[in-house]
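So the chains spell out like this:
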Amino acid sequence: MGQRLFIPGPLPRLNQLIGRERWYYTSAKKQWGETIGWEIRKQHLRPMGRVFIQWIWQEKNRQRDPDNVCAIGRKFVLDALVTMGILSNDGWDQIAGWTDRWIVVPESPGVTVLLEEQEP
């Protein structure tokens, strides 16, 4: 049985963090970790074992490059899933794989995360 998580966005782009001072990354990671953690609680996710993840990146338009959109967003979401106890870790034993999809939804940017539990 799977679970669905939607995180309103847009999440930051990797290019926003490259070349910045370390405190900027740390601050962004903390802020987004709290935001994603709140969404995890609000959407009542429960702990899972090994998962396959489908990422659906919802953008306002096509201005941001797909790789730039998901690079740091995926890291922030996975770290929050671990911090909130939904996943025990984000390594090989917990993540079976993932797919990414990008769609334009001007009125609702963000990311939908579909978690499907897998056999170990």
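What you see is a predicted model, and the numbers here were worked out from it, not measured in a lab.

1. Remarks on the packing of aromatic side chains
Here a ring pair, both rings aromatic, is described through the centre-centre distance and the interplanar angle of the planes.
Reasoning step 1: Applying the stated criterion across every chain yields a total of 2 aromatic pairs.
Reasoning step 2: For the pair Trp55 and Trp57, a centre-to-centre distance of 5.5 Å together with 10 degrees between the ring planes defines the contact as stacked. Like Trp57, Trp55 is buried.
Reasoning step 3: Seen from their ring centres, Trp55 and Trp98 are 6.4 Å apart, and the 90 degrees between their planes marks the pair as edge-to-face. Placement of the pair is Trp55 in strand 2 (residues 51-59) and Trp98 in strand 3 (residues 95-104), with a sequence separation of 43 residues.
Reasoning step 4: Look at Trp55 and you get buried, because its relative accessible area is 1%.
Reasoning step 5: With relative accessibility at 36%, the residue Trp98 sits in the partly exposed group.
Reasoning step 6: Feature note: the residues Trp55, Trp57 and Trp98 constitute an aromatic cluster, connected by ring pairs.

2. Points about helix 3 (residues 66-83)
Three or four residues apart is the spacing at which side chains of an α-helix point the same way, because the helix has 3.6 residues per turn.
Reasoning step 1: Over its 18 residues, helix 3 extends 26 Å from the first C-alpha to the last, a length consistent with the 26 Å expected when each residue adds 1.5 Å.
Reasoning step 2: Of all the bends in helix 3, the largest measures some 25 degrees and sits at Gly73.
Reasoning step 3: Among the residues of helix 3, those classed as buried are Asn68, Val69, Cys70, Ile72, Gly73, Arg74, Phe76, Val77, Leu78, Asp79, Ala80 and Leu81.
Reasoning step 4: Of the residues trailing helix 3, Gly85 is marked for its positive phi of about 80 degrees.

3. A look at the environment of Pro47
Reasoning step 1: Within the fold, Pro47 resides in the loop between helix 2 (22-42) and strand 2.
Reasoning step 2: When the C-alpha atoms of Pro47 and Ser88 are compared, they prove to be 8.2 Å apart, with 41 residues separating the residues in sequence.
Reasoning step 3: Contacts of Pro47, omitting those with residues within four sequence positions, involve Gly85 and Ile86.

4. Brief notes about unusual backbone geometry
Most of the time, phi is negative for any residue but glycine, and the peptide bond is trans.
Reasoning step 1: Cis rather than trans, the peptide bond between Gly9 and Pro10 has omega equal to 15 degrees.
Reasoning step 2: Here Pro10 shows up in the loop between strand 1 (2-8) and helix 1 (14-17).
Reasoning step 3: The backbone of His44 sits at a positive phi, close to 55 degrees, despite the residue not being glycine.
Reasoning step 4: By secondary structure assignment, the location of His44 is in the loop between helix 2 and strand 2.

What counts and what doesn't
- Per-chain numbering applies: the sequence of each chain, read as written, is numbered from 1 onward.
- Note on the predicted model: pLDDT of at least 70 is required for a residue's local features to be given, and 80 or more for side-chain atom pairs to be given and counted; whole-chain, interface and lining totals, by contrast, use all residues.
- The side-chain numbers reported here are obtained from all heavy atoms of the structure, hydrogens and water having been left aside.
- For Phe, Tyr and Trp, where Trp contributes only its six-membered ring, two rings pair if their centres lie within 6.5 Å, and the inter-plane angle classes them as stacked under 30 degrees, edge-to-face over 60, or tilted in between.
- Only protein chains enter the accessibility calculation, which uses a 1.4 Å probe. A residue is then buried if its area is under 20% of the maximum for its type, exposed if over 50%, and partly exposed in between.
- Helix and strand assignments follow DSSP, with helices taken as H or I runs no shorter than four residues and strands as E runs no shorter than two, numbered in order from the N terminus.
- To estimate how far a helix should reach, multiply one less than its number of residues by 1.5 Å.
- Fitting axes to the seven residues ending at a residue and to the seven starting there, one defines the bend at that residue as the angle between these axes.
- Note on definitions: a residue-residue contact is assigned when non-hydrogen atoms from the two residues lie within 4.5 Å.

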